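# Tertiary structure, described
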Amino acid sequence: MAPPTELLARPERSSAPGSRAMGRLVAVGLLGIALALLGERLLALRNRLKASREVESVDLPHCHLIKGIAFVFNIFHRFGKGLKFPGLHSFAPDKPGGILMMDLKEEKPRARELRISRGFDLASFNPHGISTFIDNDDTVYLFVVNHPEFKNTVEIFKFEEAENSLLHLKTVKHELLPSVNDITAVGPAHFYATNDHYFSDPFLKYLETYLNLHWANVVYYSPNEVKVVAEGFDSANGINISPDDKYIYVADILAHEIHVLEKHTNMNLTQLKVLELDTLVDNLSIDPSSGDIWVGCHPNGQKLFVYDPNNPPSSEVLRIQNILSEKPTVTTVYANNGSVLQGSSVASVYDGKLLIGTLYHRALYCEL
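Computed from a prediction, not measured in an experiment: that's the story for all the values here. (Residues numbered from 1 in each chain as written. Predicted model: local features only at pLDDT ≥ 70, side-chain atom pairs only at ≥ 80, totals over all residues. Heavy atoms only, no water.)

### A few points about the overall build of the chain
- Scanning the chain from N- to C-terminus turns up three helices and 25 strands.
- Evaluated residue by residue, the chain yields a buried proportion of 50% over its 368 residues.
- Taking the intrachain contacts of the chain between residues at least 6 apart in sequence as the baseline, contacts between residues at least 24 apart amount to 51%.
- For the chain, the exposed area adds up to about 18100 Å²; of that, 53% sits on carbon and sulfur atoms. (Helix = DSSP H or I, 4+ residues; strand = E, 2+ residues; numbered from the N terminus. Buried < 20%, exposed > 50% of the residue type's maximum accessible area, 1.4 Å probe, protein only. Contact = heavy atoms within 4.5 Å. Areas by Shrake-Rupley, 256 points an atom, 1.4 Å probe, with all protein chains shown as cover.)

See below:
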């Protein structure tokens, strides 16, 4: 009679090939599920990027290019230059960014760079979204999203009109501002800001976008309180405020949406409606006289990240009228396949004059 240990061992040896086969089947099945999920996520990302979309040209008659500077700006007649960002092509020279100003009341407006006060780290200045706030005493504060060494800060300046210069007042850093994209000022040290991602690490950002986690948000900042006031965005991008200060508008670039949120006295936000569009909405500018929203858009987001000079990113500008109504009017004011203007990110209008800015190309000035 065989020893008990041998009797126990025989069934284990005879069942090992079947166990190994089952293990391989499980592994193959899991790999198949993972590949299917990755394929579905890739297809979904292409759809979110509008990777197959092309635009038909919509021209404006009285336009000319502003050459020599790579632009990013999102308020009328004040803008930043030279944004450098991971994954984006850049025509900007290898030098720090700056803040420029255009007086659209001039017959032939031109860009002038504003001098920034000593003590501010100009060497790492990498401006992104910007906003202004005019106080009761007519003091003008300029808020600038900055990415020094690809980190995230908000810089607050005071505009010295007599000297055409900026006095740096404060640098804002906070754990709730890990991936700041744009900003709208609501006080001398108070603002709403969009985080286009939940994470700050580049790889985790990519993973967050790829998996479509919808973790982007809007944060309210004041010296006394910092809080998340809206969340659940695919990639919260441009942000602005209505002329009556009652509503906040947020562009969700990869969801092709503009969210309308009501602002409360405690600075919390409540979503009222969502306007769905057929393009990647970037920055939002408000016509102060009419309340119309002007939007710089990317018809095909894939071309932004996979740059091909023979098939460059296209540009598109939308005008949205009566956004609070049941049926807002959406008009394509300008569109170009990249032959004139590449990667439009914002369009600002003032007194019948339109300024279209881009992520990394030139700017276009038009008389409407």
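Still more to cover.
### What to know about the UniProt feature "glycosylation site" (unreviewed entry) in the chain
- Residues given the UniProt feature "glycosylation site" (unreviewed entry) here are Asn-283 and Asn-337.
- There is a polar contact of 3.3 Å between the side chain of Asn-283 and the side chain of Asp-282.
- For Asn-337, the location among the structural elements is in the loop between β22 (329–336) and β23 (344–350).
- Its relative accessible area of 38% is what places Asn-337 among the partly exposed residues.
- Apart from residues no more than four positions distant in its own chain, Asn-337 is found in contact with Val-55, Pro-312, Pro-313 and Ser-314.
- Within polar-contact distance, the side chain of Asn-337 engages the side chain of Ser-339 at 2.9 Å. (UniProt positions renumbered as here; feature names shortened; annotations may be inferred. Polar contact = N/O pair within 3.5 Å; in protein donor to acceptor, adjacent residues only side chain to side chain.)

### Some points on the environment of Glu-257
- Among the structural elements, Glu-257 can be located in strand β17 (residues 257–263).
- We classify Glu-257 as buried; its relative accessible area is 17%.
- Glu-257 sits 23 residues away from Leu-280 along the chain, and the two C-alpha atoms are 8.0 Å apart.
- Once you skip the residues sitting within four places of it in the chain, Glu-257 turns out to touch Val-250, Ala-251, Asp-252, Val-274, Leu-275, Glu-276 and Val-281.

### Describing the packing of aromatic side chains
- Evaluation of the coordinates by the stated rule reveals ten aromatic pairs.
- With a centroid separation of 6.5 Å and 65 degrees between ring planes, the pair formed by Phe-125 and Phe-157 is classed as edge-to-face. Taken together, the positions of Phe-125 in the loop between β6 (115–116) and β7 (127–134) and Phe-157 in strand β9 (residues 153–160) put the pair 32 residues apart, joining distant regions of the chain. Comparing Phe-125 with Phe-157, the two get one shared label, buried.
- Measuring from centroid to centroid gives 6.1 Å for Phe-143 and Phe-191, while their planes differ by 70 degrees, and the two rings are edge-to-face. Of this pair, Phe-143 sits in strand β8 (residues 140–146) while Phe-191 sits in strand β12 (residues 190–195), placing them 48 residues apart in sequence.
- Residue classification places Phe-191 among the buried residues on the basis of a relative accessible area of 0%.
- These aromatic residues form a ring-pair network of at least three members: Phe-120, Phe-125 and Phe-157. (Phe/Tyr/Trp six-rings, centres within 6.5 Å; stacked < 30°, edge-to-face > 60°.)

### Here's the deal with the state of the cysteines
- Scanning all chains against the criterion turns up one disulfide.
- The disulfide bridge from Cys-63 ends at Cys-366, spanning 2.1 Å between sulfur atoms. Every disulfide takes its handedness from the sign of the S-S torsion; for Cys-63 and Cys-366 that torsion is 110 degrees, giving right-handed. Highlighted residues: Cys-63 in strand β1 (residues 63–66) and Cys-366 in strand β25 (residues 363–367), separated in sequence by 303 residues.
- On the basis of relative accessibility, which here comes to 30%, the residue Cys-63 falls in the partly exposed class.
- The exposure class of Cys-366 is buried, given its relative accessible area of 0%. (Disulfide = S-S within 2.5 Å.)

### Comments concerning the sheet that holds β22
- Taken in spatial order, the four strands make up an open sheet running β19-β20-β21-β22, and their pairing is antiparallel. Of all the strands in the sheet, the pair left with one neighbour each is β19 (280–286) and β22. Adjacent strand axes in the sheet meet at a mean angle of 25 degrees, parallel and antiparallel pairs treated alike. (Pairing = 2+ DSSP bridges. Axes fitted to C-alpha atoms, helices over the stretch in contact; angles between N-to-C directions.)

### Some thoughts on unusual backbone geometry
- The phi torsion at Asn-212 lies on the positive side, around 55 degrees, for a residue other than glycine.
- Tracing the backbone shows Asn-212 in the loop between α2 (202–211) and β13 (216–221).
- Overall, the relative accessible area of 22% leaves Asn-212 in the partly exposed class.
- Residue His-256 is not a glycine yet carries a positive backbone phi of 60 degrees.
- Within the element layout of this structure, His-256 appears in the loop between β16 (247–252) and β17.
- Assessed through its relative accessible area of 10%, His-256 is described here as buried.

### A closer look at the confidence of the model for the chain
- A residue-level look at the chain finds 87% of positions with pLDDT of 70 or above and a mean pLDDT of 87.
- Scored below 50 in pLDDT, residues 1–12 shows two contacts in the model against residues more than four places distant or in partner chains.
- In the model, residues 70–78 has pLDDT below 50 throughout and makes 55 contacts with residues more than four positions away in sequence or in other chains. (pLDDT = per-residue confidence, 0-100.)

### Here we look at the UniProt feature "active site" (unreviewed entry) in the chain
- Per the UniProt record, "active site" (unreviewed entry) is found at His-128.
- In this fold, His-128 is placed in strand β7.

### Description of a nonpolar patch on the surface
- Side chains of Met-22, Leu-25, Val-26, Leu-30 and Ile-33 sit close together on the surface and give an oily, nonpolar patch of about 530 Å² of accessible area.
- Relative to the helices and strands, Ile-33 resides in helix α1 (residues 4–48).
- A relative accessible area of 59% means that Ile-33 is categorised as exposed. (Patch = residues over 30% accessible without salt bridge, like charges linked within 9 Å, V, L, I, M, F, W, Y side chains within 5 Å. Salt bridge = Lys/Arg side-chain N within 4 Å of Asp/Glu carboxyl O.)

### Examining the pairing of strand β14 (residues 226–233)
- In terms of strand pairing, β13 meets β14 through six bridges, oriented antiparallel. Residue pairing across strands places Tyr-220 opposite Lys-227, the latter belonging to β14.

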